[in-house]
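# Architecture at a glance
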Amino acid sequence: MAELKKISSPEDGGGTTSIEARFAQFCKNDLPLVDDNFLTQATKLFNESKNLLMTNFSAVGTGTPDEAERYWFAFVLYSVRRLSENGAPAEKGLSLCQILKAARLNVFDFYKELHQFLIKVGSILNNLYGGDWEKRLKAKESQTNFVHLTVLSKKYERAFREFFSIADGNNDKQLVVANTSGCESDYYRFGWLLFLALRVHVFSLCKDLVTCTHGLVSVLAILLIHVPARFRNFNVSDSEHIVMKGDKVDLLASLCNMYETSEDELKKTMEKANSLIADILSKKPCLASERKPENLENIITDGLIYFEDLMDESSLSSSLVLLETDYDAANKNVGELDERIFINENDSLLGSGSLSGGAVTTNGGGAKRKLDVISSPTKTLTSPLSPYRSPASHSNGGIYKIAATPVSTAMTTAKWLRTVIAPLPSKPSADLERFLSSCDRDVTADVTRRAQIILEAIFPSSGPGQNASLMDNMWAQHRRMEAMKLYFRVLQAMCTAESQILHANNLTSLLTNERFHRCMLACSAELVLATHKTVTMLFPTVLERTGITAFDLSKVIESFIRHEESLPRELRRHLNSLEERLLESMVWEKGSSMYNSLIVARSTLSTEISRLGLLAEPMPSLDAIAMHFDVSCGASPPMQSLLKNEKQGQNGDICSPKRLCTEYRSVLVERNSFTSPVKDRFLALNNLKPKIPPPFLQSAFASPTRPNPGGGGETCAETAVNVFFSKIVKLAAVRINGMVERLQLSQQIRESVYCLFQKILGQRTTLFFNRHIDQIILCCFYGVAKISQLNLTFKEIISNYRKQPQCKPQVFRSVYVDWTAQRRNGKNGPDHIDIITFYNEIFVPAVKPLLVELAPGGSTQTTSQSPETKNNIDASPKPSPFPSLPDMSPKKVSAAHNVYVSPLRSSKMDALISHSSKSYYACVGESTHAYQSPSKDLTAINNRLNGSRKLRGTLNFDDVDVGLVTDSMVAKSLYVQNGSCSSSPPMPVKSEQPDS
């Protein structure tokens, strides 16, 4: 370690200076900091974390010492800037952009590496700034905000290019400034600055993607009204997108038609934008219908506001100065990103990189940014007012592709809320009231009051210490109503299905269960938040504000999807990916109610669970939530009966310390496939049949000590744990299969890894506590490779794991350990280590007997078994054969024609949808129309194949003997039975160190 304490700096010409001196120089010279208190805090955090830098510099950025230092300097200053004492801003005027410019870093790379820094220094930040440092830092919110701004700026850039000509058609004069791209014109800059003014003054709480898109479209409308007509690029002949009333264009209706915005919301946002123009720029508004400017000769002017000389060259420059000054004044003490970088050509801060799983990609300067898109087969839009379209085209027509951007996806799902959910009543329907009143007592008032309290806690009108604007209050109110209507709709569908199974309308045990209703409300609210792409309330906010845990929410996701048939595909995917996230790590975290069930089902684990403090806290009462979030409950009395049930359990059993949660599968909610073939891991996971007989939905939240109504002699807790473990095993099977394909390993290795994982889950369950299941899977691969004498290094395993869609670097960089139980010299308490150290120090000692069983001649009866193993080996289900997964090779679905169908691998998606490929692939699962099922997609593809148009010869599938491609035909073609599990890979365990 000593030789790392002084690292040569490239600028020192080979000399050495201490890392502390370089940090001080960076603060005082590169960033002239004048606040002594801020500098003291920054120095303290740096000194306490520098050892982490010196031991981990190779894992930061590209791994060079100089770059790692610059990252660390930026992380420290950014953290202190956001976490100053008592929440008061320190070092006023210091922004993230200034820090990054001084450190010669770009925003993409900064956010990509920030998460690892926070994991490593989390305990230090906790000691210096308190346990709430993560909420105050808001790193995830900042990153999401940056992603949203990136896609919005790209949307704005494309729209501006299509709405406005580059040059004056009369005299070839450029758009105000001499810039051939048009994107650095004063008009372009004015529009973005006006949009930022809306974000600052109007969208303080509701900075979600949908609301901001309405703001951006309102800015486009104002530009179209005021930019001289000679610069516009209208095409009124585009009848598909231009809405005409008589011989004139309805401008707002046309924009709403193109961007799927709400016309009412657009008008309200335009009113706010016009007010900002009047207030900030001191411009006098007037009715366009009274002035009748030449600029609006072919546009309906009713309801439009016009500002004289707003876009005149004489006043435009001064307007830009005023907007810039207003933005500086509003953001000088915030310390966040300067959002004007998105209109600065070749701004080095944008750099190149990707965030959010590649959803946003930049390449070069600000005006060169590019978005990865997933395409659907549909016709090309030809209007210059159209949204961005893929270059793939064909002169004769055909199946063309429109690029589906994050903005267009959000607007499509928002349209579903607006057209399907919003018209519903904001109270229980007559059918739902019938179920609520058929309980042992009428619970209608209780259900309604609970929904009001929980949803107001999730969607407060203002945050702590914030003064909400009228727009914010309206936004929160609308989101609450959307979530409540969705909740009532799905609850009614569930009750109807349950009553049909039970042949009774009395569903008291379900409809009086507090935790069930909170899970349903949380799920409804999460879908609303996911639809609007809300920045300030990212998951798991809904868990925190409803008082439930990840394990609780995992119980209702399947049922929720099953009982809302109109749910858009993107929201189905969101819930499926959310469930995967819950299963892979969140359910195993400290405070999960899963542990409360586990101590009942596996009593031998109770000691370790208690020692680590993993049990969930008691769920807060509704009154406590109402008081904490200052929710107005009206005059309704507290629901004493429900509170009593929560404390005692549905059967009167005393619960510890939080009413123990159980998990069942209802016969109504057998897993169904709702996802796209591009997400092949979800397709594989969702089509696996549950092995445990699914009992009724009412049993899912019953008392854990209660006998399972489905029979079998098990308690509800035992059934819950077995069902939960079966989900984990299925998820692991999909991920193991993906790794086997990437590593090109044999089926025998795959089955051995799968069997070892199952045995660890059943007999060494504590290895999963506070960890990610992928950490166990990676160790299983290496353990099986060593026992099989396979030439496979840990470096190869991790390298291929990086290519998996679910990969997160912290999985192999930061594994939780508690050295207290390990009795390791010099170490005590919780810590985080890399995956190889975890394998050597923790995994091998615990799993060695199970590995020996896999060797040739390995006995299934080991001589030395831990107490945990002796008690759990009989309770655990025997390792099952590797499940049947979709065969990824193409399958013929027509007896007479060469028509093949196969799930689309994620690795092939980029090639199929690249702009240069001009492919005509129809991706089943990427909907051709809004809210459309895969069956209708297949029908659309068949219709196109059988169409009358001639495309170098006709593809005809009308033969009676051939038939059409159907869902069932595709499913039968894709699924084949795989071999049974074998647990006998040869070769003994070797004690050598794993390769890194």
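Residues numbered from 1 in each chain as written. Predicted model: local features only at pLDDT ≥ 70, side-chain atom pairs only at ≥ 80, totals over all residues. Heavy atoms only, no water.

### Re the environment of L605
Note that L605 resides in the loop between α24 (594-601) and α25 (606-612). Residues L605 and T766 lie 161 residues apart in sequence; the distance between their C-alpha atoms is 7.6 Å. (Helix = DSSP H or I, 4+ residues; strand = E, 2+ residues; numbered from the N terminus.)

### What about the packing of aromatic side chains?
By the definition in use, this model includes 35 aromatic pairs. Note on Y595 and F769: the rings are 5.1 Å apart at their centroids and 90° apart in plane angle, and the pair reads as edge-to-face. Taken together, the residues Y595 in helix α24 and F769 in the loop between α30 (747-763) and α31 (773-787) connect sequence positions 174 residues apart. Neither residue differs from the other here; Y595 and F769 are each classed as buried. Stacked on the ring of F435, the Lys or Arg R434 has its end atom at 4.7 Å from the ring centre. (Phe/Tyr/Trp six-rings, centres within 6.5 Å; stacked < 30°, edge-to-face > 60°. Buried < 20%, exposed > 50% of the residue type's maximum accessible area, 1.4 Å probe, protein only. Lys NZ or Arg CZ within 6 Å of the ring centre and 35° of its normal.)

### Looking at the packing of helix α2 (residues 36-56) against helix α3 (residues 65-82)
Between two packed helices, the angle of one axis relative to the other and the distance separating the axes together describe the packing. Taken N-terminus to C-terminus, the directions of α2 and α3 make an angle of 135°; their axes are 9 Å apart at the nearest point. Relative to α3, the element α2 lies oblique. The two elements α2 and α3 meet at a crossing, and its hand is right-handed. Contacts from F38, Q41, A42, L45, F46, S49, L52 and L53 in α2 reach A68, E69, W72, F73, V76, L77, S79, V80 and R81 in α3. Class assignment for the residues of the contact of α2 with α3 results in 12 nonpolar, 3 polar and 2 charged. (Axes fitted to C-alpha atoms, helices over the stretch in contact; angles between N-to-C directions. Parallel < 35°, antiparallel > 145°, perpendicular 65-115°, else oblique. Left-handed = near helix turned anticlockwise from the far one by under 90°. Contact = heavy atoms within 4.5 Å. Nonpolar A, V, L, I, M, F, W, Y, C, P; charged D, E, K, R; others polar.)

### So, the packing of α3 against helix α4 (residues 96-103)
Packing of α3 against α4 leaves a shortest axis separation of 9 Å and a crossing angle of 160°. Overall, the two elements α3 and α4 adopt an arrangement that is roughly antiparallel. Of the two elements, α3 crosses α4, and the hand of that crossing is right-handed. Residues R70, A74, L77 and Y78 of α3 touch α4, and the partners they reach there are L96, I99, L100 and A103. Split into classes, the residues belonging to the contact of α3 with α4 amount to 7 nonpolar, no polar and 1 charged.

### Quick look at the state of the cysteines
In protein structure, a disulfide is the covalent linkage between the sulfur atoms of two cysteines. Counted according to the given criterion, the structure contains 0 disulfides. Of all cysteine sulfurs, the one in C519 lies closest to C523, which takes part in no disulfide; the gap is 8.8 Å. With no disulfide of its own, C779 lies closest to C780 among cysteine sulfurs, the gap being 7.2 Å. With a relative accessible area of 0%, C779 lands in the buried category. (Disulfide = S-S within 2.5 Å.)

### A short note on helix α14 (residues 406-421)
Its 16 residues give α14 an end-to-end C-alpha distance of 22 Å, which sits within 8% of 22 Å, the value for a rise of 1.5 Å per residue. V407, T409, A410, M411, T413, A414, W416, L417 and I421 are the residues of α14 that are buried. (Expected span 1.5 Å × (residues − 1).)

### Focus: the pairing of strand β9 (residues 815-818)
Residues V815 and V817 of β9 are buried on one face, and the alternating residues Y816 and D818, pointing to the opposite face, are buried as well. Relative to strand β10 (residues 830-833), β9 runs antiparallel, the two sharing 4 bridges. Looking at the pairing, Y816 lines up with H832 of β10. (Pairing = 2+ DSSP bridges.)

### So, the environment of E271
Inspection of the secondary structure puts E271 in helix α11 (residues 263-281). Judged by relative accessible area, which is 56%, E271 ranks as exposed. For the pair formed by E271 and L304, sequence separation is 33 residues and the distance between their alpha carbons is 9.5 Å.

### What to know about the environment of L792
Within the secondary structure layout, L792 lies in the loop between α31 and α32 (794-801). On the accessibility criterion, L792 (8% relative accessible area) is buried. Sequence-wise, L792 and L743 are 49 residues apart; in three dimensions their C-alpha atoms are separated by 9.0 Å. Excluding anything up to four places from it in sequence, L792 contacts L743, L745, Y782, A785 and I797.

### Topic: the pattern of salt bridges
What the rule picks out here adds up to 32 salt bridges. A salt bridge links D774 to R735, with the nearest nitrogen and oxygen atoms 2.9 Å apart. Here the residue D774 occupies a position in helix α31, and R735 occupies one in helix α29 (residues 716-743), the gap between them amounting to 39 residues. Considered together, D774 and R735 belong to a single accessibility category, that of buried residues. Several salt bridges converge on common partners, so that one network encompasses R189, E324, D328, D338 and R340. (Salt bridge = Lys/Arg side-chain N within 4 Å of Asp/Glu carboxyl O.)

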